[in-house]
Amino acid sequence: MSNGNKHIRYRPVKKRKRPPTGDLRYGPLFTGCPAVELAVERLYQAGDKDREDRFWGLIKALNYALQMETRVLAPVQLTPEGSQGQFSWASSPIPAEKAADLSLWTLSAPKGYRVLPVFTRTEEADGSPATLGLPMAELPLEQVMRQALDRTDLTALVINPWGRSATLDKGLLRGLLYSHGPDPAPGEEEAKKGVQAASLGLWENAAGWFAASADKGCPEGMRRLAGCCDAGRGIAKDRRRALSLWKKAAAAGDIPAAVAIGDRYAAGTARTPGDPGRALMAYRRAAALAETEMDITTWPLICLRQAQYEARGIDLERAARLLAEAVQGLRLLWQETGDPDARHEMLRAAADLADCALAAYDGAETVRESLRKLSAQLNTESLHFS
């Protein structure tokens with residue numbers, strides 16, 4: 001019997017599509033600089049006991065940003081006396097090649113100090129009337145750091161000054177720009193030679209070098225030898241041995257090995273079906289390990305798995321940003337090392353980004369043009385975007 005109330009049909013609310021901001025690429029207009037933003041957030045949340053560890057986490061995130069050839073938004077002066085309009089420049093910044101002869105705008109700080117502000121996102125640049133309407137250029141972070149270090153009238157560089165910020169004095173800038181990594185650990189040279197052989201398709205030689213590296217206790221050598229065992233590349237196929245080597249490498253702190261274990265859970269075996277839930281938990285454990293040790297050899301791969309196994313089903317826009325970061329890092333890693341695994345993962349990330357962007361954003365022609373630019377940037381004929 002009707003109670004007199006009108007029957008209401010409930011329907012799921014869908015997020016409205018909107019055009020992406022800027023090209024689908026790693027940078028302040030699309031992804032921001034998530035590693036630095038996360039590290040700064042963690043630093044502000046730290047108690048006294050954790051503050052030193054979180055500070056070094058920020059330094060590692062900044063080093064990762066340099067490895068990733070990160071670009072930031074920097075206010076510039078179009079005229080000697082400067083100018084400021086009513087509207088934001090942050091969403092349409094001056095390209096780096098056109099800003100080569102422009103002076104950077106500086107900010108007065110207490111006690112007469114002058115600092116150089118930079119921003120990782122458009123909303124950060126527009127976060128105060130002091131910089132809203134200033135001409136902005138999209139410049140490499142390394143270039144801006146070097147200019148801040150070289151100028152005698154500047155005290156420091158400040159990242160995102162209007163919110164939770166990070167101030168880098170000249171000592172920190174000098175350390176970030178001119179420090180070198182630790183000396184190679186036992187087995188790392190052998191692993192490197194194995195990667196070089198693998199890039200040439202010489203898998204028997206590669207497997208030999210990886211075995212020599214693993215014998216010296218090198219986690220990377222163990223992980224790469226595991227990959228050869230799993231696929232039967234240059235060595236007899238032995239998936240049980242591969243899993244054992246991955247677990248040993250992961251226990252020694254090798255994050256890509258922890259990701260590989262998640263991949264095994266996701267794929268399953270001839271006798272055991274894939275388990276996406278167990279794989280996701282493995283990826284989350286790997287991400288927790290990588291979060292404070294950010295490096296171009298680990299974090300882009302973490303971004304890719306987060307997009308594929310978590311964000312893709314929840315938030316397409318976040319997935320697209322993660323994929324753009326993964327493409328950037330894996331591309332640079334492949335170009336630097338010739339690692340065929342990095343190339344394979346890069347192509348997967350780019351193809352997933354294409355699918356994700358077309359599903360998430362309005363303006364199919366605009367999105368396709370961004371994807372064509374991405375394909376040209378990757379410099380490979382293996383990607384075809386329709």
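One can find the structure itself at the top, above this paragraph.
Here the structure is a predicted model, which means the values were calculated and not measured. Here the residue numbering is sequential within each chain, running from 1 through the sequence in written order. Since the coordinates come from a predicted model, pLDDT governs what is reported: local features require at least 70, and pairs of side-chain atoms require 80 or more to be given and counted, while whole-chain, interface and lining totals use all residues. The basis for the side-chain values is all heavy atoms of the structure; hydrogens and waters are excluded.

Colleague: Looking at this structure, I do not really get the environment of Ala252. What am I missing?
Modeller: The secondary structure listing takes helices from DSSP runs of H or I that are at least 4 residues long and strands from runs of E that are at least 2 residues long, numbered from the N terminus. Topologically, Ala252 is positioned in the loop between α9 (239-251) and α10 (255-267). Remark: exposure states derive from per-residue accessible area (1.4 Å probe, protein chains only) relative to the maximum for the residue type, with buried under 20%, exposed over 50%, and partly exposed in between. In this structure Ala252 comes out as partly exposed when scored by relative accessible area, which is 47%. Along the primary structure Ala252 and Ala206 are separated by 46 residues, whereas in three dimensions their C-alpha atoms are 22 Å apart.

Colleague: What am I meant to see in the packing of helix α7 (residues 203-215) against helix α8 (residues 219-231) here?
Modeller: Axes are the key here: two packed helices are described by the angle between their axes and the distance separating the axes. Taken N-terminus to C-terminus, the directions of α7 and α8 make an angle of 140 degrees; their axes are 8 Å apart at the nearest point. The chirality of how α7 crosses α8 is left-handed. Side by side, α7 and α8 meet where Trp203, Ala207, Phe210, Ala211, Ser213 and Ala214 of the first sit next to Gly221, Met222, Arg224, Leu225 and Cys228 of the second. The classification used treats Ala, Val, Leu, Ile, Met, Phe, Trp, Tyr, Cys and Pro as nonpolar, Asp, Glu, Lys and Arg as charged, and all other residues, Gly among them, as polar. Along the lines of polarity and charge, the residues of the contact of α7 with α8 split into eight nonpolar, two polar and one charged. For every element, the axis is a line fit to its C-alpha atoms; helices are fit only across the contacting stretch, and the angle between N-to-C directions ranges from 0 to 180 degrees. Take the far helix as your reference; a near helix turned counterclockwise from it by less than a right angle gives a left-handed crossing, and one turned clockwise gives a right-handed crossing. Two residues form a contact once any of their heavy atoms are found within 4.5 Å.

Colleague: Honestly, the sheet that holds strand β2 (residues 103-104) in this entry has me stumped. Any pointers?
Modeller: What links the strands of a sheet is backbone hydrogen bonding, and the strands pair in either a parallel or an antiparallel sense. Any two strands are treated as partners once DSSP identifies two or more bridges connecting them. If you trace the three strands from one edge of the open sheet to the other, you get β2-β1-β5, paired in antiparallel fashion. Looking at which strands have only one partner, the edges of the open sheet turn out to be β2 and β5 (136-140). Pairing between strand β1 (residues 71-77) and β2: two bridges, direction antiparallel. Within the sheet, the bridge partner assigned to Val76 lies in β2 and is Leu104. Packing against the sheet, helix α4 (residues 141-150) makes contact with β1, β2 and β5, and its axis sits at approximately 95 degrees to β5.

Colleague: Explanation requested: the sheet that holds strand β4 (residues 114-118) in the structure shown.
Modeller: The four strands lie next to each other as β3-β4-β6-β7, forming an open sheet whose pairing is mixed. Each edge of the sheet is formed by a strand with only one pairing partner; in this case those strands are β3 (107-108) and β7 (166-169). Pairing geometry for β3 and β4, over two bridges, is antiparallel. Residue pairing in the sheet places Ser108 in a bridge with Arg114 of β4.

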